[in-house]
Structure formats: structure tokens, C-alpha cells
Amino acid sequence: MVSPMNAHIIRLLYISDAAEGLDEEAVTAILKSAEKNNPPLGITGVLVFGGGVFAQVLEGPERGVLGKYVQVMGDSRHRNCRIVHITTTVERLFEGVSMAALQALPLELAQIAELDAHRKETVPPEDFKNLMNVFFSRLQALP
Ligand SMILES: Cc1cc2nc3c(=O)[nH]c(=O)nc-3n(C[C@H](O)[C@H](O)[C@H](O)COP(=O)(O)O)c2cc1C
């Protein structure tokens, strides 16, 4: 069932490159912050790490998720944050998980690399391109 808390939520997946020499201890510290800060923002998700990269899912209210993403982007424990997938949804995939850390298995690392290489379109690509072309044509037609 869709609870009112989940009425308007977004899910964002980003990938980033971990800072050189980052260890388990650093991930534990990140998780501690997340467990403290995420619940009041209604954020749930997962933080996967391994092979020098992070892949994190943040889901929750749009303002909270985007605000947290911008904050996390500025964190020196990683760099090159790139959004790989973003969507609106009414159902959380990580219901009840304020944030959890997982060490990526080899197959998962390959799947993360695959997602990174083929960033998903967030809307039907043709529809999006058609609408952008309409906007572009209108700009060209402006006096
Ligand atoms: C890969 C990565 C993921 C992070 N995820 C979260 C998160 O989900 N929630 C959060 O509050 N902080 C997260 N952080 C930490 C924030 O950048 C920031 O350091 C923290 O929120 C500061 O909070 P505190 O000083 O209250 O502990 C993350 C940092 C990194 C490098």
C-alpha cells in the first residue's frame, strides 16, 4: 500500500569516485551521519562501496533528497558525483532503511560500472527530445 508519507517522493542513484585511501572506518563515519540526519528528512536508501567507487540511492521528498545530494556532493571523501538515475515514485525500495552500507560484490561492481557507462534516461528519450526541440524552435523564432 502507498502511505501518505510516500505520496510524492523521488529516487536518485548517483555514482562517485571515493577519495584515495578511503577505508571502512570512513564509511562507518558516513553511515553514522546518515543514520542521524536522514530520518528527520524522510530519506531512505543504501550506500554501496567498493572498487574505488560509491553508489548511493537516496529516496524521499524531493526537497530533502536534492538538498542532501547537493550537500553530499561537496564532501571531500569522494568526487565526481554523477546522477545515474532519477525518478518520481510512490513506492520506496528501501522502506524503513535510513541508510545502510554494503560492500559491493564483484558482479555488483560490474553492474554499477554498466549503469555508469549507460546512464539511464529519466523520461522516454524521444518524448524528451521532441519537447526540447519544440522549445528550441520557439527560441529560434523569437524576434
Ligand atoms: C558517499 C557519501 C555518502 C553520504 N551519505 C550521507 C547521507 O545519506 N546522509 C547524510 O546526512 N550524510 C551523508 N554523507 C555525509 C555528508 O556529506 C556530511 O558529511 C554529513 O551529513 C555531515 O553531517 P554531521 O556533521 O551532522 O554528521 C555522505 C558522505 C559521503 C562521502
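Structure shown above.
Being a predicted model, the structure only gives us computed values, none of them experimental.

Taken together, 15 residues sit near the ligand, with Ser 33, Ala 34, Asn 37, Asp 75 and Arg 77 positioned nearest. When residues of the shell around the ligand are traced back to their parent elements, those giving at least two are helix H1 (24-41), strand E3 (53-61) and helix H2 (62-73). Counting residues per element, the shell around the ligand draws most heavily on H1, which supplies five residues. Broken down by class, the residue content of the shell around the ligand amounts to six nonpolar, six polar and three charged.

Moving on to unusual backbone geometry. Even without glycine at this site, Asn 80 takes up a positive phi of about 55°. Positionally, Asn 80 belongs in strand E4 (residues 78-89).

The nonpolar side chains of soluble globular proteins are, as a tendency, buried together. Of all hydrophobic cores here, the largest spans 13 residues; its most connected members are Leu 12, Leu 13, Ile 15, Ala 55 and Leu 58. If sequence neighbours within four positions are ignored, Ala 55 has contacts with Leu 13, Ile 15, Val 48 and Ile 112.

What counts as what
- Residues numbered from 1 in each chain as written.
- Predicted model: local features only at pLDDT ≥ 70, side-chain atom pairs only at ≥ 80, totals over all residues.
- Near = placed C-beta within 6 Å.
- Helix = DSSP H or I, 4+ residues; strand = E, 2+ residues; numbered from the N terminus.
- Nonpolar A, V, L, I, M, F, W, Y, C, P; charged D, E, K, R; others polar.
- Core = buried A, V, L, I, M, F, W, Y, C linked by C-beta atoms within 7 Å.
- Buried ≥ 20, exposed ≤ 12 C-beta atoms within 10 Å, placed from the backbone.
- Contact = placed C-beta atoms within 7 Å.

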